[in-house]
Amino acid sequence: EVATAINFVKKQLNPYPGNSFRPPYQTDADNHGASVRPDVVVRRTAAGYEIDIAGHDQYFLNINSRYRSMYEDIRNGGGKTYTGDDKKHIVEFVERADMFIRYINERRRTLRQITKSVVEFQQGYLETGAKSFVRPLTRTKIARTLKLHESTVSRATANKYVQLPSEEVVPFDF
């Protein structure tokens, strides 16, 4: 009975049903049929445009309160109960975590600034949705406007998508 069941599975069932839609060797990342999740959402409000950076809230990342209190204790001259290795570990890791969180928040602020600048520049397109209203805009121009380096703008927008008020999702490059 087991041999018959195995034979049936081998001949009658398909363990890879998705292959009928896309051959296994075809892994085109730029497939236009693939769905993308926007990194930035632009919404039209009564007061203008609202820009939301997708992802977790900026306060989602934080340092464990126990580690934070031990760090503060050591920094304020206390911490005599900790060994030298403990102090070094606590100080090093809390400062690294603080720096990491700071950089993540800076990255979000930069992306928000760039998006705000693009939205202001492309307001005609956003209002009408007509591609004839898209104005030429370079990363260099955005960088000069925001007093950032061009490579910062390029890295911040690379492989990112924007959901427009029309709910169309387009690459930042557009």
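Look up: the structure comes first, before these words.
Described below are features of the structure shown in this document. (Residues numbered from 1 in each chain as written. Predicted model: local features only at pLDDT ≥ 70, side-chain atom pairs only at ≥ 80, totals over all residues. Heavy atoms only, no water.)

## Points about the packing of aromatic side chains
A ring pair, where both rings are aromatic, is described by two values, the distance of the centres and the angle of the planes. Per the stated rule, a full pass over the model turns up 1 aromatic pair. Plain terms: the ring middles of Tyr125 and Phe174 are 5.7 Å apart, the flat faces sit at 70 degrees to each other, and that makes the pair edge-to-face. Of this pair, Tyr125 sits in helix α4 (residues 123-128) while Phe174 sits in the segment after β4 (169-171), and the two are 49 residues apart along the sequence. Take Phe174: its relative accessible area is 44%, and that puts it in the partly exposed class. In this structure, Arg44 is placed above the aromatic ring of Tyr49, and the distance from its NZ or CZ to the ring centre is 5.1 Å. Cation over ring: Arg135 sits above Phe121, and NZ or CZ is 3.8 Å from the ring centre. (Phe/Tyr/Trp six-rings, centres within 6.5 Å; stacked < 30°, edge-to-face > 60°. Helix = DSSP H or I, 4+ residues; strand = E, 2+ residues; numbered from the N terminus. Buried < 20%, exposed > 50% of the residue type's maximum accessible area, 1.4 Å probe, protein only. Lys NZ or Arg CZ within 6 Å of the ring centre and 35° of its normal.)

## Things to note about the sheet that holds strand β3 (residues 161-163)
Taken in spatial order, the 4 strands make up an open sheet running β2-β1-β3-β4, and their pairing is mixed. Sheet topology places β2 (48-53) and β4 at the edges, where each strand pairs with a single neighbour. The average angle at which neighbouring strand axes cross in this sheet is 25 degrees, direction not considered. Judged from the 3 bridges that link them, β3 and β4 form a sheet pairing that is antiparallel. Note that in β4 the partner of Val162 across the bridge is Val170. Together, β1 (40-45) and β2 form the strand contacts of helix α3 (residues 84-121), whose direction differs from that of β2 by roughly 150 degrees. (Pairing = 2+ DSSP bridges. Axes fitted to C-alpha atoms, helices over the stretch in contact; angles between N-to-C directions. Contact = heavy atoms within 4.5 Å.)

## Considerations on the pattern of salt bridges
Within the structure shown, the criterion is met by 8 salt bridges. In this structure, Arg43 and Asp52 form a salt bridge, with 2.1 Å as the shortest nitrogen-oxygen distance. Given the relative accessible area of 39%, Arg43 is considered partly exposed. Put simply, Asp98 and Arg68 hold a salt bridge, and the shortest N to O gap is 2.7 Å. (Salt bridge = Lys/Arg side-chain N within 4 Å of Asp/Glu carboxyl O.)

## Quick look at the pairing of β1
In terms of strand pairing, β1 meets β2 through 6 bridges, oriented antiparallel. If you follow Val40 over to β2, its bridge partner there is Ile53. When β1 meets β3, the two strands line up parallel, connected through 2 bridges. The residue of β3 that forms the bridge with Val40 is Val162.

## Topic: the packing of α3 against helix α6 (residues 150-157)
Orientation of α3 relative to α6, taken along the N-to-C sense of each, is 95 degrees, at an axis distance of 10 Å. Classified by the angle their axes make, α3 and α6 are roughly perpendicular. Along its contact with α3, which presents Thr110, Leu111 and Ile114, the element α6 presents Thr152, Val153, Ala156 and Thr157. Considered class by class, the residues forming the contact of α3 with α6 number 4 nonpolar, 3 polar and no charged. (Parallel < 35°, antiparallel > 145°, perpendicular 65-115°, else oblique. Nonpolar A, V, L, I, M, F, W, Y, C, P; charged D, E, K, R; others polar.)

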